[in-house]
Amino acid sequence: MDEQQRINLAIRGDDQALAQLLHEHYTFLMKYLIKVTMNPSLAEDLVQETMLKCIEKISYYNGSSKFSSWMITIATRLYIDMMRKRKVEQRWQEQEQALRGVQWHMQQHQEAWTDAIDALSRLRYDMRLPILLKHYYGYAYDEIAEMMDIPQGTVKSRIYNGLQQLRKELMPNAKE
Amino acid sequence: MRKNKSDLNQQSLPNSSSEPHVSQEDQELIDQLMLSFQQMDQVIPHSTAPHVGHLEQLITEQKLAVRRRNQLELLCFFLVALVLIGGNTLLVMTSWTAFGIFQGVTLMAALGFLFGSYVRRKKKGDVRHAK
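Numbering of residues starts from 1 in every chain and runs along the sequence as written. Here chains are named by letter from A upward and ligands by number from 1 upward, in the order in which they appear as written. Note on the predicted model: pLDDT of at least 70 is required for a residue's local features to be given, and 80 or more for side-chain atom pairs to be given and counted; whole-chain, interface and lining totals, by contrast, use all residues. Neither water nor hydrogens contribute to the side-chain values; these are computed over all heavy atoms in the structure.

**Student:** So what's going on with the overall build of chain B? Which residues, and what values?
**Tutor:** Helix and strand counts for chain B stand at four helices and zero strands. Helix and strand assignments come from DSSP, with helices taken as H or I runs of at least 4 residues and strands as E runs of at least 2, each series counted from the N terminus. Scanning chain B from its N terminus toward the C terminus, one meets helices and strands in the order α-α-α-α. Any residue under 20% of the maximum accessible area for its type is buried, any over 50% is exposed, and the rest in between are partly exposed; the area is computed with a 1.4 Å probe on protein chains only. Of all 131 residues assigned to chain B, the portion counted as buried reaches 21%. As displayed, chain B offers around 9800 Å² of accessible surface, 66% of which is attributable to carbon and sulfur atoms. What sets the accessible areas is the Shrake-Rupley method with a 1.4 Å probe; for residues, cover comes only from the shown protein chains.

Here is the structure:
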């Protein structure tokens, strides 16, 4: 049975087909959320929430985007909502703790904690998100705008400003 | 799942006029960032996907919870409707003028709310498929 057939069955209320779909997309979603949050435990919580939301909203899925994109959209919005609700100080403390964990994991695997990762981790989440979606996942501006529920112009400016900020941190001598 | 560069280029062809030009410096920076993301993907441990049977159980429980919540919302809706209809009937029986004023104010408030939400939605851009 291919994915489209499974999606159709899941929309019609087949629990087994939906379970299979969620199972197949679990790792993809988890990896996406780890890169978004840079915090594995937060990513895990968000995966759970995203899956519950998918179960609740599966009947609204209209196939206008890929199933994985639909899941990413839900996860992105849940993450944005979560970040808006949290206080800046709480966010900063959690992030610092999580980053130390990520740094430790990378050192364990003899991967360097590069300046690029460091700069990325310090970038505001609302700038990191569109950069990741645009350049890593290859989504178009209008798709990102839809995912983040913001105008296309804002997506473009956030990507531009995010890259400028990263460039300033990584190449302090580079021209503006 | 991830789209590669060639896919990206092909997909973005129709919109190419709206794609801003990426400078050589920016491209180098982007490549560096993507490499970092890939490293994170490989290194950071994550839990494995739950067993399909466990997910089925989760789905059943969640659907049950949603059904209960919907039933509660429906009950609240009927209660509110009952109070409103009962109150309005009482108002009609007491004074037609008070009933007219109440209806007028309610209508204006509803129109104001609709207009407000329309303006807010236009500012943000409406997205239906993810709701």
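**Student:** Run through helix H4 (residues 67–85) of chain A, naming residues and quoting values.
**Tutor:** In this analysis, the expected span of each helix is defined as 1.5 Å times one less than the number of residues it contains. Its 19 residues place the ends of H4 of chain A 27 Å apart at the C-alpha level, agreeing with the 27 Å of an ideal helix rising 1.5 Å per residue. Burial analysis of H4 of chain A places 16 of its 19 residues in the buried class, the great majority of the element.

**Student:** With reference to specific residues and values, describe unusual backbone geometry.
**Tutor:** Residues and elements named next belong to chain A. Phi at Met38 is positive, roughly 55 degrees, even though this residue is not glycine. Among the structural elements, Met38 can be located in the loop between helix H2 (15–37) and helix H3 (40–57). On the accessibility criterion, Met38 (1% relative accessible area) is buried. The phi dihedral of Asp149 falls on the positive side, at around 60 degrees, and the residue is not glycine. Turning to its location among the elements, Asp149 is positioned in the loop between helix H8 (141–148) and helix H9 (152–170).

**Student:** Residue-level account of the confidence of the model for chain B, with values.
**Tutor:** All names here are of chain B. Summary statistics for chain B give a mean pLDDT of 79 and a share of 76% for residues scoring 70 or more. The secondary-structure element of chain B with the lowest mean pLDDT is helix H1 (residues 5–11), recorded at 37, while helix H3 (residues 52–94) shows the highest, at 94. Low pLDDT, under 50, characterises residues 1–17; the predicted model gives this stretch 18 contacts beyond four residues in sequence or across chains. You can read pLDDT as the predictor saying how much it trusts each residue, on a scale of 0 to 100. Note on contacts: a residue pair qualifies if any of its non-hydrogen atoms lie within 4.5 Å across the two residues. Between residues 126–131, whose pLDDT stays under 50, and residues either more than four places distant or in other chains, the model counts 19 contacts. Per the prediction output, this complex has pTM 0.75; the corresponding ipTM is 0.76.

**Student:** Account for the packing of aromatic side chains, with residues named and values stated.
**Tutor:** Think of it this way: a Phe, Tyr or Trp ring, Trp meaning its six-membered ring, pairs with another when their centres are within 6.5 Å, and the plane angle makes it stacked under 30 degrees, edge-to-face over 60, tilted otherwise. Evaluated as defined, the whole model comprises 10 aromatic pairs over all chains. Pairing Tyr61 of chain A with Phe67 of chain A gives two aromatic rings, centres 5.6 Å apart and planes at 85 degrees, and the pair type is edge-to-face. An angle of 85 degrees between the planes, with centres 6.0 Å apart, marks the rings of Trp96 of chain B and Phe99 of chain B as edge-to-face. With Trp96 of chain B and Phe99 of chain B both in helix H4 (residues 96–124) and three residues apart, this pair spans about one turn of that helix.

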